[in-house]
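What the coordinates show
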Amino acid sequence: MRRVLALPGLWLALFLAVPFGIVLAMSFATADADRAPPVAFSLTLKNYALLFSDPLYLAAWIASLRIAATSTLVALLLGYPMALAIARAPRRRQPLLLALVILPFWTSFLIRVYAWMGLLADNGILNNLLKTLGLASAPGTILGTEWAVHLGIVYAYLPFMVLPIYAVLERQDRALLEAAADLGAAPWAAFVTITLPLSQPGIVAGCLLVFIPSVGEFVIPDLLGGTGTPMIGKVLWDEFFLNADWPLASAVAVCLLALLAVPIALFQRHHAERLR
Amino acid sequence: MSGALLEVRSVAKSFGPVRAVADVSFEVARGEVFALLGGSGCGKTTLLRMLAGFERPDRGQILLDGADLADSPPHRRPINLMFQNHALFPHLSVRDNVAYGLRREGVAGAELARRTEEALALVRLEGLDARKPAQLSGGQRQRVALARALVKRPKLLLLDEPLSALDARLREETRAELLRLQRELGLAFLIVTHDQQEAMSMADRLAVMHDGGFMQVGTPRDVYARPATRHVAIFLGNANLLPAPADAAGRPGWLVLRPERIAISRVATGAGAVGAHIEDVAFEGDRTLLVARTDAGVALRIASAEPGWARGEPVFLAWDAAALHRVSA
Amino acid sequence: MSGGGLRLAATVLVFGYAFLYLPILLVAVYSFNESRLVTVWAGFSTRWWTALWANETLLGAAWLSLAIGALAASAASLLGLAAGWVLARARPFPGRTAFATATIAPMVMPEVVMGISMLLLFVGLERALGGPGRGLVTIAIAHATLAMAYVAVVVQSRLAEFDRSLEEAAMDLGATPFTAFRTVTLPLLWPAVAAGWLLAFTLSLDDLILTQFVAGPQSQTLPMRVYSSVRLGLDPQINVLGTIVMAVAASALIVASLLTRHRADGTAETR
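Bear in mind that the values here come from a model prediction, so they are computed numbers and not experimental data. (Residues numbered from 1 in each chain as written. Chains lettered and ligands numbered in written order. Predicted model: local features only at pLDDT ≥ 70, side-chain atom pairs only at ≥ 80, totals over all residues. Heavy atoms only, no water.)

Right, let's talk about helix α8 (residues 177-206) of chain C for a bit. Helix length check: α8(C) (30 residues) gives 38 Å between terminal C-alpha atoms against 44 Å at 1.5 Å per residue, more than 12% under. Within α8(C), the axis deviates most sharply at C:Leu186, by approximately 55°, and proline C:Pro187 lies no more than four positions further along. (Helix = DSSP H or I, 4+ residues; strand = E, 2+ residues; numbered from the N terminus. Expected span 1.5 Å × (residues − 1). Bend = angle between axes of the 7 residues up to and from the residue.)

What follows is the structure in structure tokens.
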């Protein structure tokens with residue numbers, strides 16, 4: 001037992017725990033462009049002070065949380081009916097329907113975001129289609145707006161919403177719905193009073209699985225979003241790669257992780273309960 | 001009050017090529033306990049689901065108080081079902097489970113509280129109303145399911161295998177409880193079960209189902225004493241089947257002889273006594289089940305109130321001619 | 001379900017799948033576009049397919065990605081198998097919660113956070129020990145750390161499905177714990193491990209953010225090339241590449257689902 005534990009244990013200690021320690025230490029250091037790596041060691045809180053005082057950074061935090069929250073809500077409104085429809089489909093067809101939800105997850109994330117670039121561009125497929133159909137003469141701009149970022153997040157993370165909700169719905173005892181109908185509940189009332197409350201664990205898991213990565217998302221806002229308020233993942237990236245400010249980027253990483261600690265802990269608990 | 005409460009007329013249902021229920025007709029009177037008895041796949045569950053409204057009959061009519069139920073969905077039928085595995089809502093407390101059906105009718109406030117309270121008292125669940133179903137014992141769950149169905153004051157209560165989820169001790173208690181409530185409330189019960197003891201001990205009348213159809217309908221005593229077919233004889237209780245001479249039309253038949261109708265003794269008591277040897281002895285406490293082989297080579301099952309029998313013992317068997325009941329196929 | 005409910009469900013599914021698949025299908029369709037302008041259809045052509053075939057930079061990046069993917073997936077499978085087994089079978093030990101948390105954390109942690117922390121580790125190691133140089137090895141290590149979480153979860157769920165008494169029966173019949181694992185547990189687990197390997201391989205092949213942090217200047221993986229090209233705008237060669245990736249992923253999923261079907265057969269009797 002000890003020996004089996006040793007391999008992954010040491011690996012995680014070296015490549016997960018130790019790096020976090022370094023990031024934490026780095027977040028108290030000072031950037032120094034003349035050195036290689038561009039860091040002077042110190043014990044300062046000014047990186048954090050900057051993050052919480054500069055309105056630009058604050059705006060980025062708020063934008064990230066807001067975009068992640070609304071995208072999660074939209075994904076839920078879209079994903080729940082899909083999960084329900086799959087769970088109520090004939091049993092022999094469910095594996096195929098489910099595989100069709102999982103398949104995009106196995107294809108390239110980058111390509112799927114790229115697909116929306118072609119769709120949403122000013123002279124892109126969507127605008128051309130609207131023009132051809134005469135629905136819009138002067139198409140509006142979508143690419144480079146927050147709309148596009150929302151769309152991209154919902155699109156990319158929709159499978160993460162559908163799967164846990166489906167898993168809960170699929171296990172629900174059909175007799176409960178029959179009991180509800182027998183006791184006088186019309187189909188809609190039975191859904192609201194039985195199906196929905198019992199699928200709550202799946203809803204929570206799905207929302208966490210969409211929300212958590214969305215907050216720190218980089219590729220989608222970078223490729224589909226505009227030059228306006230950046231999301232926090234992009235701030236970290238730019239501070240690190242463009243400004244070579246490693247300590248500030250580290251402070252962003254520490255804050256991001258602290259921010260997500262509660263949702264991540266919730267998800268872990270859900271995961272542990274599912275496997276019990 | 002007169003006339004049947006429930007009338008089922010020539011109801012049939014198939015699932016694809018499988019015929020589940022074939023042309024079944026029967027009536028249930030007010031205040032009657034009627035049992036559908038049959039093995040798995042006999043169509044009893046499909047029939048129950050059609051009465052509750054979960055399946056639509058292909059043909060035939062179901063009338064309740066003279067009104068055709070064909071177009072009323074389950075949630076508009078004045079019939080309630082006690083599910084086999086109770087189907088209690090796991091996220092709701094006992095009280096909310098019981099109140100569920102009333103809330104759907106729009107009952108609220110003091111009336112909701114009063115009627116819920118009443119139903120809980122009826123099944124003696126006061127004090128447990130805040131618990132979740134997972135915190136209850138099997139017998140308690142059974143009572144919640146019963147209260148939940150009764151609170152709607154249905155004209156007819158359907159019970160799907162009401163005793164099968166319970167252990168032996170609880171069965172007897174629950175059976176008495178169910179029948180007490182049935183009498184007090186003047187309800188009609190329709191029980192679906194595979195267990196002949198459950199059916200015989202509870203029902204005023206029972207129907208033995210096989211292959212989607214009724215083989216015989218009658219009072220338990222009647223069906224037991226005079227089974228219509230060989231299948232009914234075997235399905236309802238223990239039976240010895242002796243080959244009988246062909247009848248007037250030349251059809252073969254069997255004579256049914258119930259084990260408890262055979263008198264067994266160590267000495268020959270009359271002219272009709274048959275010599276035999278005991279081959280097997282199973283002591284069951286209140287009775288002893290024996291297998292004896294007659295000198296003519298026929299194995300017979302015998303139920304005896306006397307426990308002292310030993311394997312290999314020579315005995316004499318006797319029965320009245322009245323104990324023999326002829327069945328055809 | 002009532003007729004109205006069925007129609008509603010069908011409508012939901014049609015819209016849902018259209019949303020998921022139309023963008024991908026359009027990428028594939030426009031890979032056969034004659035025009036350089038990706039969004040304007042100018043007739044059928046395979047010129048971009050031929051162009052990609054001659055694109056040494058992208059092909060080189062693809063080979064590097066495949067090599068990293070194989071390496072990372074193999075490491076992740078071994079690590080994930082061990083971690084999943086510990087989580088599913090080990091008696092409670094001090095630090096179990098920390099171990100469980102660390103195992104699954106990479107699944108939900110923002111990749112930028114993981115990226116920066118691993119880069120800082122590699123920079124530190126380079127300064128302290130002089131290696132490993134940033135490139136194939138560091139990328140594979142990062143990917144393996146990310147992917148082992150997924151393998152561990154697959155293995156853990158699989159182990160939770162079948163009864164511990166199978167292993168106990170083997171030991172009762174005289175097998176040592178290791179023999180019991182080799183002769184009973186592993187044969188039952190291998191479809192899960194294989195599916196985990198494929199998943200890890202796909203994750204590695206697709207990863208951009210971690211890679212961007214821990215890669216050296218000489219090691220440009222496929223997603224890095226795609227990203228730098230896409231940042232400059234739409235490129236029909238990327239459509240071709242995307243089409244290929246999607247076709248490969250679809251085949252991988254079919255293989256994986258065949259593996260899991262085998263798995264479902266195996267468990268039918270133990271339920």
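With 84 residues of chain C at the contact, the number on the chain A side is 80 residues. Interface area lost by chain C to chain A is led by C:Phe19, C:Val108 and C:Leu120, which between them contribute 9%. Counting every contact that joins chain C to chain A gives one salt bridge. With its nearest N and O atoms 3.5 Å apart, the salt bridge here joins C:Arg231 to A:Asp222. (Contact = heavy atoms within 4.5 Å. Buried area = accessible area lost by both parts, 1.4 Å probe. Salt bridge = Lys/Arg side-chain N within 4 Å of Asp/Glu carboxyl O.)

Turning our eyes to something else, we now look at the arrangement of the chains. No other pair of the two pairs of chains in contact has as many contacts as chains A and C. Taking C-alpha atoms only, the smallest gap left between chain B and chain C, which are not in contact, amounts to 10 Å.

Here we take up the pattern of salt bridges. Side-chain pairs of opposite charge can arise whenever the charged atoms involved come near each other. Residues and elements named next belong to chain B. Per the stated rule, a full pass over the model turns up 32 salt bridges over all chains. The partner of Glu313 in a salt bridge is Arg266, and the shortest N-O contact between them spans 2.3 Å. Of this pair, Glu313 sits in the loop between β16 (299-304) and β17 (314-318) while Arg266 sits in the loop between β13 (263-265) and β14 (274-283), and the two are 47 residues apart along the sequence. A relative accessible area of 16% places Glu313 in the buried class. Residue classification places Arg266 among the partly exposed positions, given a relative accessible area of 39%. Linking Arg293 and Glu279 is a salt bridge whose minimum nitrogen-to-oxygen distance equals 2.9 Å. Linking Arg293 in strand β15 (residues 288-294) with Glu279 in strand β14, this pair joins segments that are 14 residues apart in sequence. Assessed through its relative accessible area of 34%, Arg293 is described here as partly exposed. We classify Glu279 as partly exposed; its relative accessible area is 37%. (Buried < 20%, exposed > 50% of the residue type's maximum accessible area, 1.4 Å probe, protein only.)

It is worth spelling out the side chain of B:Ser304 at this point. All names here are of chain B. Tracing the chain through its elements places Ser304 in strand β16. A residue is classified by how much of its surface remains accessible, and Ser304, at 7% relative accessible area, is buried. Only 3.0 Å separates the side chain of Ser304 from the backbone nitrogen of Glu306, close enough to count as a polar contact. Look past the residues within four positions of Ser304 in its chain and what remains in contact with it is Ile264, Arg287, Thr288, Leu290 and Trp309. (Polar contact = N/O pair within 3.5 Å; in protein donor to acceptor, adjacent residues only side chain to side chain.)

Per the counting criterion, the structure on display carries 26 aromatic pairs over all chains. Summarising the aromatic geometry, the rings of A:Trp237 and A:Phe241 are spaced 4.7 Å apart at their centres and angled 50° between planes, so their arrangement reads as tilted. Taken together, the residues span about one helical turn, with A:Trp237 and A:Phe241 both in helix α12 (residues 232-241) at a distance of four residues. An aromatic cluster of at least three residues, connected via ring pairs, comprises A:Phe218, A:Trp237, A:Phe240, A:Phe241, A:Trp246, C:Phe213 and C:Tyr227. Directly above the aromatic system of B:Tyr100 lies the positively charged group of B:Arg104, at a separation of 4.5 Å from the ring centroid. The ring of B:Tyr224 has B:Arg258 sitting right over it, with the charged end atom 3.9 Å from the ring centre. (Phe/Tyr/Trp six-rings, centres within 6.5 Å; stacked < 30°, edge-to-face > 60°. Lys NZ or Arg CZ within 6 Å of the ring centre and 35° of its normal.)

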